[in-house]
Structures are given as C-alpha cells and as structure tokens.
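Chain and residue survey
What follows is the residue order along each chain.
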Amino acid sequence: PPSLKILYSKNGVRDSIDLNSGSGSFLATKIPFLPSGFIETQAGISIRSKINFNLKPISDSINRAIVNNATMELTLNNAASQLGAGTPDSVLALIGGSDARPDSASTAYFAFGYRKTASQTIDTVYTFSVTSMVQQWISNPSMYQGVVLRSLTDESSVDKLSFYSSKDLTRAPRLLITYTKK
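Okay, so let's go over this structure. (Residues numbered from 1 in each chain as written. Predicted model: local features only at pLDDT ≥ 70, side-chain atom pairs only at ≥ 80, totals over all residues. Heavy atoms only, no water.)

**Comments concerning the overall build of the chain**
A tally of helices and strands in the chain yields 2 helices and 11 strands. Ordered by position from the N terminus, the helices and strands of the chain form the series β-β-β-β-α-β-β-β-β-α-β-β-β. Within the chain, the fraction of its 182 residues that count as buried is 38%. On the chain, roughly 10,900 Å² of surface is accessible, and the fraction owed to carbon and sulfur atoms is 52%. (Helix = DSSP H or I, 4+ residues; strand = E, 2+ residues; numbered from the N terminus. Buried < 20%, exposed > 50% of the residue type's maximum accessible area, 1.4 Å probe, protein only. Areas by Shrake-Rupley, 256 points an atom, 1.4 Å probe, with all protein chains shown as cover.)

**Details of the pairing of strand β6 (residues 90–95)**
Taken across its 6 residues, β6 has 6 buried, putting it largely inside the fold. The side-chain alternation of β6 yields two buried faces, one formed by Ser90, Leu92 and Leu94 and the other by Val91, Ala93 and Ile95.

**As for the nonpolar core**
Among the nonpolar cores identified, the biggest contains 28 residues, and Met72, Phe128, Val130, Val134, Trp137, Leu149 and Phe163 are the most heavily contacted of them. Elements supplying a minimum of two residues to this core: β5 (65–76), β6, β8 (124–129), α2 (131–139), β9 (147–151) and β10 (160–163). If one sorts the elements of this core by residue count, β5 sits on top with 6 residues. Residues within four places of Leu149 in sequence aside, it is in contact with Ile39, Thr41, Arg48, Ser49, Ile51, Met72, Leu74, Val91, Leu92, Ala93, Phe128 and Phe163. (Core = buried A, V, L, I, M, F, W, Y, C linked by side-chain atoms within 4.5 Å. Contact = heavy atoms within 4.5 Å.)

**Describing the side chain of Glu73**
Residue placement: Glu73 occurs in strand β5. Given a relative accessible area of 11%, Glu73 falls into the buried group. For Glu73, the residues in contact, after removing those within four places along its chain, are Lys116, Val125, Tyr126, Thr127, Ala172, Pro173, Arg174 and Leu176.

**Section: the packing of aromatic side chains**
Across all of its chains, the model carries 5 aromatic pairs by this definition. Relative to Tyr114, the ring of Phe112 has its centre 6.2 Å away and its plane inclined at 40°; by these criteria the two rings are tilted. The class of Phe112 is partly exposed, set by a relative accessible area of 28%. Look at Trp137 and Tyr144: their rings are 4.8 Å apart centre to centre, the planes differ by 65°, and that puts the pair in the edge-to-face class. Side by side, Trp137 and Tyr144 carry an identical accessibility label, which is buried. (Phe/Tyr/Trp six-rings, centres within 6.5 Å; stacked < 30°, edge-to-face > 60°.)

**Some thoughts on α2**
Within α2, burial applies to Thr131, Met133, Val134, Trp137 and Ile138. Angular distribution of buried residues about the axis of α2 spans 160°; they occupy a single face of the element. (Arc of directions from axis to C-beta.)

**Re the environment of Gln42**
Inspection of the secondary structure puts Gln42 in strand β3 (residues 39–42). When the C-alpha atoms of Gln42 and Leu83 are compared, they prove to be 9.8 Å apart, with 41 residues separating the residues in sequence.

**As for the environment of Asn54**
When you line up the elements, Asn54 lands in the loop between β4 (49–51) and α1 (56–59). With a relative accessible area of 62%, Asn54 lands in the exposed category. When the C-alpha positions of Asn54 and Gly146 are compared, they lie 9.6 Å apart, and in sequence the two are 92 residues distant.

**Examining the pattern of salt bridges**
Using the criterion set out here, one finds 3 salt bridges in the structure. Across the pair Glu40 and Lys160 runs a salt bridge, and its minimum N-O distance is 3.8 Å. In this pair, Glu40 sits in strand β3 while Lys160 sits in strand β10, placing the two residues 120 residues apart along the sequence. Each member of the pair Glu40 and Lys160 is classed as buried. (Salt bridge = Lys/Arg side-chain N within 4 Å of Asp/Glu carboxyl O.)

**Some thoughts on the side chain of Thr131**
Among the structural elements, Thr131 can be located in helix α2. Owing to a relative accessible area of 19%, Thr131 belongs among the buried residues under this scheme. Here Ala70 takes part through its backbone nitrogen, which lies 2.9 Å from a polar atom of the side chain of Thr131. In this view, Thr131 contacts Val67, Asn68, Asn69 and Ala70; residues no more than four positions away in its chain are not counted. (Polar contact = N/O pair within 3.5 Å; in protein donor to acceptor, adjacent residues only side chain to side chain.)

Here is the structure:
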C-alpha cells in the first residue's frame, strides 16, 4: 500500500511521521486561527481548552463536604463550530494537570460530555458527570487545575467545537454541585 514518510527538524530536534494508506494523520506547526473568545477544542491539530471554576466557597469546607452529585454544563455555539458528518455527540473532559486517558478505569480523571439538546436551531448544551473529579478537588484544593476539553475524534477528523465562555453570562460554563457536610 502507498505510504508517505515526512522527516522534519526544528531547533536541532529531528522527528518523523509515517502515513499509511487508510490512516488518518494530521500535522500542524502552528495554531491556524486567532483566539475567538470561545472555549474551543479542535481535533486533528490538538487544540484544547482549559476550564476553571471558583471552588473556594466549598473547598473552605475541606474534609467536611461530601459531593453527592456534580454536573458541568457547556453551551456550544453552533454557528462558530465546524462539525463534520458523523461527528460523535460527546466531548471528553480530562482532569487538569494529569495525563489521564479515557481508557482509565477511574472516572476521577475524565468525564464524557453528552449533548443534552440536539437541535441545530438553538445552541447545544453538553453535560458532564464530574462528581468524582469535584470530590477530589474539594478534598485537596491545592491539586485543583480545572478540566481540559478534548475532542473524541482527535485522530480522525478536524471538527472544531466552540463553547461559550464566562463572558456570555447567559450561556457561560456552569458547575452544579450537590453536597452534604460531614
């Protein structure tokens, strides 16, 4: 089968990429667009966004709070996003500062965000069950580094998902936490 080998060098460091028939591979040497003011993730060129929430009101109750349920909600700007045919209906949120992978056995390190609404005429809301992550953050606030969003199709597409940031008060990211005190 046909194959292509790309050799490149930057600052004295050499590397290569092998492309074989049937494999989807992407190479980018710089971010291809200017920041838009949205929280974005784009597959193929590994653009990811980090989201942080103010957990101080709860983390002040360190070792005195039990998280019963935590849900993160992100609103997708359909007009600013570029989705291909067959795009999965979910996004991956990884605990910030870790090298967690979705095949990890623990939901303490990652969560899938699923479309809560699927209309093309209104903005789509994605919900993530982040209970285990939030319990970790509240139990150990010094380890809190937010979540990093990643596309599920990182290696097979160039879909771009643009979520509203905290600048849009009606569609800003939300973290809903239900907890009890010990």
